[in-house]
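# Structural overview for review
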Amino acid sequence: NAGVTQTPKFRVLKTGQSMTLLCAQDMNHEYMYWYRQDPGMGLRLIHYSVGEGTTAKGEVPDGYNVSRLKKQNFLLGLESAAPSQTSVYFCASSYSGGLTEAFFGQGTRLTVV
Amino acid sequence: SQKIEQNSEALNIQEGKTATLTCNYTNYSPAYLQWYRQDPGRGPVFLLLIRENEKEKRKERLKVTFDTTLKQSLFHITASQPADSATYLCALDLLGPRSGGYNKLIFGAGTRLAVHP
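Residues numbered from 1 in each chain as written. Chains lettered and ligands numbered in written order. Predicted model: local features only at pLDDT ≥ 70, side-chain atom pairs only at ≥ 80, totals over all residues. Heavy atoms only, no water.

Okay, the environment of A:Gly53 next. Inspection of the secondary structure puts A:Gly53 in the loop between strand E5 (42–51) and strand E6 (54–57). In sequence terms A:Gly53 and A:Lys70 are 17 residues apart; their C-alpha atoms lie 7.4 Å from each other. (Helix = DSSP H or I, 4+ residues; strand = E, 2+ residues; numbered from the N terminus.)

Structure, rendered in structure tokens:
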């Protein structure tokens, strides 16, 4: 089983450019999450989804959009990248939110210059 | 607002000793609390989950306690080994099913543990 796969693993963007991060899971999980991790800040929830076609805002949603058109995929979009969005992005999935363990991808290291 | 606090300073201990990490939270009453391990350059990996009606949970050398009165969870690693060196994160289930909202998982900043031979 692949588990949770994030694409790409590394990316460098110029300020103002847009991009989409892809998260795919093969465990038939309902819940999917996007977090960002910055030094000393821990994991901060950006957006999450409780099922196909549904999304909700997390702690730091500004500047990001998400879509969950298929149950196995959760996309994170940056419409106009800013240096403040330089971070490591993690996707996770779980069967039932905080009631069950979450499985994480390997992360995407994004640098905005 | 809800807040999760973990010791920001690294915990340094000698091999064979018991490591104890603390997770405190405010302004929330989670139904579930989880602990994860994260190695540099990797995603977090689940270790243990404890429910609000469970005082203690064990798994091999790991033990977690959950005190809903103190709003605190303690994470213990007994007979620690250098391979246990990592960052340990606690996570809370926020807006659980009793509130009618969606479940979501919120993390603390983590505590780095270094076990020295």
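Here the narrative resumes, following the displayed structure.
The next thing to look at is the confidence of the model for chain B. Residue-level pLDDT values for chain B average 90, and 92% of them are 70 or greater. Here residues 96–100 of chain B scores under 50 on pLDDT; set against residues more than four positions off or in separate chains, the count is eight contacts. (pLDDT = per-residue confidence, 0-100. Contact = heavy atoms within 4.5 Å.)

Residue and element names in this part refer to chain B. The strand order E1-E3-E8-E7-E6 describes an open sheet built from five strands, whose pairing is antiparallel. The sheet terminates laterally at strand E1 (3–6) and strand E6 (56–59), the two strands that pair on one side only. Going from strand to strand, the sheet's axes swing by 15 degrees on average, the running direction of each strand aside. By the bridge criterion, six bridges tie strand E7 (residues 62–67) to strand E8 (residues 72–77) in an arrangement that is antiparallel. Bridging across to E8, Thr65 finds its partner in Leu74. (Pairing = 2+ DSSP bridges. Axes fitted to C-alpha atoms, helices over the stretch in contact; angles between N-to-C directions.)

With that settled, consider the nonpolar core. For soluble globular proteins, the rule of thumb is that nonpolar side chains tend to be buried together. Counting 47 residues, the largest nonpolar core has A:Tyr35, A:Phe104, B:Trp35, B:Tyr36, B:Phe75, B:Tyr88 and B:Phe107 as the members making the most contacts within it. The element contributing the most residues to this core is strand E9 (residues 86–94) of chain B, with seven residues. (Core = buried A, V, L, I, M, F, W, Y, C linked by side-chain atoms within 4.5 Å. Buried < 20%, exposed > 50% of the residue type's maximum accessible area, 1.4 Å probe, protein only.)

Turning our eyes to something else, we now look at the pattern of salt bridges. Under the defined criterion, the tally for this structure stands at eight salt bridges over all chains. Notably, a salt bridge pairs A:Lys71 with A:Glu30, separated by 2.8 Å at the nearest N-O pair. Of this pair, A:Lys71 sits in the loop between strand E7 (64–67) and strand E8 (73–78) while A:Glu30 sits in the loop between strand E3 (19–25) and strand E4 (31–38), placing them 41 residues apart in sequence. Look at A:Lys71 and you get buried, because its relative accessible area is 19%. Among the salt bridges present, the one from B:Glu54 reaches B:Lys57, with a minimum N-O distance of 3.9 Å. (Salt bridge = Lys/Arg side-chain N within 4 Å of Asp/Glu carboxyl O.)

On to the state of the cysteines, then. Tallying each qualifying case throughout the model produces two disulfides over all chains. Here A:Cys23 pairs with A:Cys91 through a disulfide, and the sulfurs are 1.8 Å apart. The chirality of the disulfide connecting A:Cys23 with A:Cys91 is left-handed, given an S-S dihedral of about -75 degrees. Of this pair, A:Cys23 sits in strand E3 while A:Cys91 sits in strand E9 (residues 87–94), and the two are 68 residues apart along the sequence. Given the relative accessible area of 0%, A:Cys91 is considered buried. Bridging B:Cys23 to B:Cys90, the disulfide has an S-S length of 2.0 Å. Its S-S torsion of approximately 60 degrees makes the covalent link between B:Cys23 and B:Cys90 right-handed. With B:Cys23 in strand E3 (residues 19–26) and B:Cys90 in strand E9, this residue pair connects regions lying 67 residues apart in the sequence. Note on accessibility: B:Cys23 and B:Cys90 belong to one class, buried. (Disulfide = S-S within 2.5 Å.)

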